[in-house]
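Residues per chain, in single letters:
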Amino acid sequence: MYKIVKKAQLTETIFQMEVEAPRIAKACKPGQFIIVKIDEKGERIPLTICDFDAEKGTITIVFMAIGASTYKMTSLKEGDYFRDFTGPLGMPSEFCDEPLEEVKKRKYLFVAGGVGTAPVLPQIKWLHNHGIDADVIIGAKTKDLVILEDEFKKYSGNLYITTDDGSYGRSGMVTDTIKYLIEEEGKNYDVCVAIGPMIMMKFVCLMTKNYDLHTIVSLNPIMVDGTGMCGACRVTVGDEVKFACVDGPEFDGHLVDFDQAMKRQTLYKTEEGRAYLAAKEGDTHHGGCGQCN
Ligand code: NAD
Ligand code: FES
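Only a predicted model underlies this, so the values are computations on that prediction, with no experimental measurement involved.

Conventions and cut-offs
Residues numbered from 1 in each chain as written. Chains lettered and ligands numbered in written order. Predicted model: local features only at pLDDT ≥ 70, side-chain atom pairs only at ≥ 80, totals over all residues. Heavy atoms only, no water. Buried < 20%, exposed > 50% of the residue type's maximum accessible area, 1.4 Å probe, protein only. Helix = DSSP H or I, 4+ residues; strand = E, 2+ residues; numbered from the N terminus. Pairing = 2+ DSSP bridges. Salt bridge = Lys/Arg side-chain N within 4 Å of Asp/Glu carboxyl O. Near = heavy atom within 4 Å. Polar contact = N/O pair within 3.5 Å; in protein donor to acceptor, adjacent residues only side chain to side chain. Areas by Shrake-Rupley, 256 points an atom, 1.4 Å probe, with all protein chains shown as cover. Nonpolar A, V, L, I, M, F, W, Y, C, P; charged D, E, K, R; others polar. Core = buried A, V, L, I, M, F, W, Y, C linked by side-chain atoms within 4.5 Å.

Explain the pairing of strand S3 (residues 33–37) residue by residue, including any values.
The buried fraction of S3 amounts to five of the five residues, a majority that puts the element mostly inside the structure. Of the two faces of S3, the one lined by Phe33, Ile35 and Lys37 and the one lined by Ile34 and Val36 are each fully buried. When S3 meets strand S7 (residues 84–89), the two strands line up antiparallel, connected through four bridges. Directly across from Phe33, in S7, lies its bridge partner Leu89.

Can you tell me about the pattern of salt bridges, naming the residues and giving the values?
Overall, the coordinates contain 17 salt bridges when judged by the stated rule. In this structure, Asp259 engages Lys202 in a salt bridge whose closest nitrogen and oxygen atoms are separated by 2.8 Å. Residue Asp259 is located in helix H9 (residues 258–267), and its partner Lys202 is located in helix H7 (residues 198–210); the two are separated by 57 residues in the primary sequence. Judged by relative accessible area, Lys202 falls into the buried class, the value being 18%. In this structure, the salt-bridge partner of Glu281 is Arg234, at a minimum N-O distance of 3.5 Å. You can see Glu281 sitting in helix H10 (residues 271–281) and its partner Arg234 sitting in strand S14 (residues 234–237), a full 47 residues away along the chain. Linked through salt bridges whose partners overlap, the residues forming this network are Glu40, Arg83 and Asp84.

Quick one: what's the story with the site of ligand 1, residue by residue and with numbers?
Contacts to ligand 1 come from 24 residues, most closely from Gly114, Val115, Asp164, Val174 and Ser218. Between ligand 1 and Lys141, the relevant distance is 3.1 Å, taken from an oxygen atom to a side-chain nitrogen or oxygen of the residue. In the complex, the protein chains occlude 81% of the 860 Å² of accessible area that ligand 1 would expose alone. Listing elements by their share of the shell around ligand 1, those giving two or more residues are strand S9 (135–140), helix H6 (174–184) and H7. Top contributing element to the shell around ligand 1 by residue count: H7, with four residues. Within the shell around ligand 1, the residues separate by chemical class into 13 nonpolar, nine polar and two charged.

If you had to explain the nonpolar core to someone new, which residues and values would you point to?
Ranked by internal contacts, the top residues of the largest apolar core, which has 35 residues, are Val111, Leu219 and Phe258. Counting 30 residues, the second-largest nonpolar core is a separate cluster that includes Phe95, Tyr108, Val146 and Phe152.

Dropping the structure here:
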């Protein structure tokens, strides 16, 4: 059982919870995710990690109430418990395992969209703690939906906030600010990390391809069970079939087939769609668990 030690509501539908999970907090690295289960019969919900504190033994998650299970999660209070809290899962961000001297030579641009802003925080915090200050763009539909601004101010070199309706910060989508920084401010970046809705990551990648700017994306949004068993997060990356929950969640965004991944996401919502995908994809439908059949 995993105790919720702190709960906050960040927007009408976005919630933050700090959960006691010492073993995960000790092992966790930026880029990884966890799976929660509210109770015995609950659905497994893969969620990105917003922060971790090895000393306190806690993991902070941020989630949006978009389905029955995440909606049920919103009713949990401080002092309540999750039945399961599993992790850390997935591969850490690539810079964690690269020689620090190499990472320090690079100029990073992070592009965080909506609730996808949360998993960017541990990445820029890690870089900041290792002496690297990255530029960050946070995009949200409106002022009310901008999250974690104060936390980002602590760890980012330059923070640019943009809202689709211009109600706060710059006006427009994150791609407008990328264009502005590169073309008008004359900024040079070596790596862009884009995390947010699939459509945002697709358009960021289309843009950064034009600048020949290496771009990493995080494919958490296409996960369903997070275990490699359901086949939901199957994605074509270059010439290869990958599973976001086992091989990712982070991939070279210029190699990801976003249109196919988004089409699968839609098909996966219905039983008929899932049956169609299983039949069409045959043995490659599932991930790497090896126990599916
Ligand atoms: P949103 O729809 O408010 O979009 C956030 C920002 O993305 C916008 O403000 C805009 O700047 C940018 N954007 C959106 N469409 C764009 C386009 N066509 N071109 C360029 N930029 C565009 O975001 P939301 O409602 O908070 O998003 C929720 C989604 O985020 C869910 O689908 C969830 O699965 C996903 N998510 C992703 C991750 C991840 O790891 N990638 C983590 C958590 C949540
Ligand atoms: Fe089910 Fe990856 S989320 S296989």
